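# Examination of the molecular architecture
The residues making up each chain are set out below.
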Amino acid sequence: MTPCNCLLSYHHTLQMVECRSTMATNPTRASGQPGKIKKDESLLGKLGGTLVRKKKIKEVSDLQEEGKNAINAPLLHAGYEILPEDTLLDENAERTILDPNSKEDINFKDLQKVLIDWINSELEEERIIVKDLEEDLYDGQVLQKLFEKLSGNKLNVAEVTQSEIGQKQKLQTVLEAVNGVLRPLEWNTEWSVDSIHSKNLVSIIYLLLGLAIYYTAPIRIPEHVSVQVIVVKKKEGMLQTSHVTKQLTTSSTEMMVGRTERDAFDTLLDHAPDKLNVVKTSLITFVNKHLNKLNLEVTELESQFADGVYLVLLMGLLENYFVPLYNFYLTPESFEQKVHNVTFAFELMQDGGLQKPKARPEDVVNLNLKSTLRVLYNLFTNYKNSD
């Protein structure tokens, strides 16, 4: 090949390279279809622009949310999980959140267990089993059954309600009935339809305690139980929080105020204490008539029946059967063993056809005179002619 031909070949190669490069960078010239390619370029441009705008909008939204959290963060206590529904509040509205540390408190857990066991005992015939107070009581179904069992009154509500509206209507009816019972005693109602339905555990426990105390539930309510809650409030568009202590239970004596209907013993102790000794003498004569058969004698009603031993033995004597010693503690040492004995005696009374005693076993063990008198007077009324 001559030098000239080589030079022409070199220039031809350069032209081909330039042509391919132009086709790669400017497809319009290569295809000969400028309309279609222009349209494609326009579509891609618009699509790219839309994606960019959406990305910018999201970035702005995230930035606003981050700013909002930064503003509200100093107001929120560390360690609290603020759920979305806790922040969806109207202006000046508030929501309470249970302190996670309080939720794990042993006394608080013990209180929940006592209440759950009590509900399950009351509703055993209904075959209702409660495992979690928040999840099982919020819709009003269990609360309805519990109140009907305690009060003996049937409520005019639908048996099963699946909708939120139906559940709140049922709760409204149940709470009106409960408040109607407790309001005359000036009970501080720390519950509402919305708080119960939103599974507010503190409100649910307040409600159950009100029922348990008023209807003299045969349970030992843990004393001096309190919890910490966070009150979230929206003010001027911002979330504000405060730390509040909620006292759930006090002492047994304070909780007993207003818990029972006044009866003859209340009247006796309030207006005729001078006649109290006459009543006590009559009851002592009655119990000794039977306990003397076992060479036992009572001189102090409140103290000698407090461990439950004499009550158990007395029931066996009144019903003419021997109570096996393995069923109770003959020499109880702890509070729990004494409560076991009194509870067992109450069960024997019910087996004998007597109504369930209004007194709690714990009250008898705690030397509460009126509670002990009520139990013994009930026996006296039913067995006074028994040999």
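So, a few notes on the structure that sits alongside this text.

How each quantity is defined
Residues numbered from 1 in each chain as written. Predicted model: local features only at pLDDT ≥ 70, side-chain atom pairs only at ≥ 80, totals over all residues. Heavy atoms only, no water. Salt bridge = Lys/Arg side-chain N within 4 Å of Asp/Glu carboxyl O. Helix = DSSP H or I, 4+ residues; strand = E, 2+ residues; numbered from the N terminus. Pairing = 2+ DSSP bridges. Axes fitted to C-alpha atoms, helices over the stretch in contact; angles between N-to-C directions. Contact = heavy atoms within 4.5 Å. Phe/Tyr/Trp six-rings, centres within 6.5 Å; stacked < 30°, edge-to-face > 60°. Buried < 20%, exposed > 50% of the residue type's maximum accessible area, 1.4 Å probe, protein only. Lys NZ or Arg CZ within 6 Å of the ring centre and 35° of its normal. Left-handed = near helix turned anticlockwise from the far one by under 90°. Nonpolar A, V, L, I, M, F, W, Y, C, P; charged D, E, K, R; others polar. Parallel < 35°, antiparallel > 145°, perpendicular 65-115°, else oblique. Core = buried A, V, L, I, M, F, W, Y, C linked by side-chain atoms within 4.5 Å.

## Focus: the pattern of salt bridges
Throughout the structure, instances matching the rule amount to ten salt bridges. For the salt bridge of E135 with K199, the shortest nitrogen-to-oxygen distance reads 2.9 Å. Of this pair, E135 sits in helix 7 (residues 133-137) while K199 sits in the loop between helix 10 (193-197) and helix 11 (201-214), and the two are 64 residues apart along the sequence. A salt bridge links D194 to K168; its shortest N-O distance comes to 3.4 Å. Of this pair, D194 sits in helix 10 while K168 sits in helix 9 (residues 164-182), and the two are 26 residues apart along the sequence. Each of the salt bridges in this network shares a partner with another, and the network as a whole consists of E164, K168 and D194.

## Overview of the sheet that holds strand 1 (residues 94-98)
The three strands lie next to each other as 1-2-3, forming an open sheet whose pairing is antiparallel. For this open sheet the edge positions go to strand 1 and strand 3 (238-247), each flanked by a neighbour on one side alone. For this sheet the average axis-to-axis angle between neighbouring strands, irrespective of direction, equals 25°. As paired strands, strand 2 (residues 226-235) and strand 3 are joined by ten bridges and run antiparallel to one another. In the sheet register, V229 faces strand 3, and the bridge partner there is V244. Sheet contacts for helix 11: strand 1, strand 2 and strand 3; angle to strand 3, the most-contacted strand, approximately 30°.

## Thoughts on the packing of aromatic side chains
Two numbers describe a pair of aromatic rings. These are the distance of the centres and the angle of the planes. Considering all chains together, one arrives at four aromatic pairs under this definition. Measuring from ring centre to ring centre gives 6.1 Å for Y377 and F380, while their planes differ by 35°; the resulting arrangement is tilted. In this pair, Y377 and F380 both sit in helix 19 (residues 369-383), three residues apart, roughly one turn of the helix. Under the relative-accessibility criterion, Y377 is labelled partly exposed at 41%. Through successive ring pairs, a cluster of aromatic residues spans F286, Y377 and F380. The ring of Y138 has K199 sitting right over it, with the charged end atom 4.6 Å from the ring centre.

## Some remarks on unusual backbone geometry
You will see that N320, though not glycine, has its phi angle at about 60°, which is positive. Topologically, N320 is positioned in the loop between helix 16 (309-319) and helix 17 (335-351). The phi angle at L367 is positive, at roughly 65°, despite the residue not being glycine. With respect to the element layout, L367 can be found in the loop between helix 18 (361-365) and helix 19. Look at L367 and you get partly exposed, because its relative accessible area is 47%.

## Quick look at the packing of helix 8 (residues 141-151) against helix 9
Orientation of helix 8 relative to helix 9, taken along the N-to-C sense of each, is 35°, at an axis distance of 9 Å. Regarding helix 8 and helix 9, the two cross each other, and that crossing is left-handed. Counting all contacts with helix 8, which are made through Q141, L143, Q144 and F147, the residues of helix 9 involved are K170, L171, V174, A177, V178 and V181. A class-by-class count of the residues in the contact of helix 8 with helix 9 yields seven nonpolar, two polar and one charged.

## So, the packing of helix 14 (residues 276-291) against helix 16
One can describe the packing of helix 14 onto helix 16 by two numbers: an axis separation of 9 Å at closest approach and a directional angle of 70°. Judged by the inter-axis angle, helix 14 sits roughly perpendicular to helix 16. Together, F286, V287, H290 and L291 of helix 14 and Y310, L314, L317 and L318 of helix 16 make up the contact between the two elements.

## A short note on the environment of K170
Positionally, K170 belongs in helix 9. Judged by relative accessible area, which is 2%, K170 ranks as buried. Remark: the alpha-carbon pair of K170 and Q141, spanning 29 residues in sequence, is separated by 7.8 Å.

## Section: the nonpolar core
By size, the foremost hydrophobic cluster in this structure holds 49 residues, and its most contacted members are W118, I119, L133, L137, I205, L208 and L248. It is helix 11 that contributes the most residues to this core, twelve residues altogether. Discounting residues that sit within four places of it in the chain, L208 has contacts with L115, W118, I119, L133, L137, L143 and L146. By size, the runner-up hydrophobic cluster in this structure holds 37 residues, among which are L283, I284, L301 and V339.

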